[in-house]
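Architecture at a glance
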Amino acid sequence: QVQLVESGGGLVQAGGSLRLSCAASGRIYSLSRMGWYRQAPGKQRELVAGITSSRGITNYADSVKGRFTISRDNAKNTVYLEMNSLKPEDTTVYYCNTVPNLEFWGQGTQVTVSS
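Anyway, here's the lowdown on the structure attached to this text. (Residues numbered from 1 in each chain as written. Predicted model: local features only at pLDDT ≥ 70, side-chain atom pairs only at ≥ 80, totals over all residues. Heavy atoms only, no water.)

With respect to the pairing of strand 4 (residues 34-39)
Burial analysis of strand 4 places five of its six residues in the buried class, which makes it a mostly covered element. Of the pairings in the sheet, the one linking strand 4 to strand 5 (residues 46-51) comprises five bridges and is antiparallel in character. Note on strand 5: the bridge partner recorded for R38 is E46. Sheet topology places strand 4 next to strand 9 (residues 92-98); six bridges connect them, and they run antiparallel. Directly across from Q39, in strand 9, lies its bridge partner V93. (Buried < 20%, exposed > 50% of the residue type's maximum accessible area, 1.4 Å probe, protein only. Helix = DSSP H or I, 4+ residues; strand = E, 2+ residues; numbered from the N terminus. Pairing = 2+ DSSP bridges.)

Remarks on unusual backbone geometry
The omega torsion across V99 and P100 is -5 degrees, close enough to zero to call that bond cis. Of note, the phi angle at N77 is positive, near 50 degrees, even though the residue is not glycine. Structurally, the position occupied by N77 is in the loop between strand 7 (68-73) and strand 8 (78-83). For N77, a relative accessible area of 21% gives the class partly exposed. Of note in the backbone geometry, S85 takes a positive phi value of approximately 50 degrees without being a glycine. Of note, S85 is situated in the loop between strand 8 and strand 9.

A closer look at the pattern of salt bridges
Under the counting rule described, the total for this entry stands at five salt bridges. For the salt bridge of E82 with R19, the shortest nitrogen-to-oxygen distance reads 3.8 Å. Of this pair, E82 sits in strand 8 while R19 sits in strand 3 (residues 18-24), placing them 63 residues apart in sequence. When its relative accessible area of 28% is taken as the criterion, E82 is described as partly exposed. Between R38 and D90 there is a salt bridge; the shortest N-O distance is 2.9 Å. Of this pair, R38 sits in strand 4 while D90 sits in the loop between strand 8 and strand 9; the two residues are 52 residues apart in sequence, bridging distant segments of the chain. (Salt bridge = Lys/Arg side-chain N within 4 Å of Asp/Glu carboxyl O.)

Structure representation (structure tokens):
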């Protein structure tokens, strides 16, 4: 059974920080490049950060580079997204998934950044 459970979102002021977590079922986690996506209203879902399975090589969208850090704990089948220097335009729902993504999506976690 595929499971993707995101958590850690919340309300924060601009300039603040949040740490998102994603617990994934072992079957899809162990061999997969994992990523964090977000989808603002009226926009397409975008990949903001990705990390490879074994070597932990990361990549970021230009809009979050230098502010967000993706990491993974393979012993816990968990992917993290450390978000610093948050901006109001970072406000949206964040999802984790494999890269490229599966058809299945978790419920996501809402991040709201107030100005």
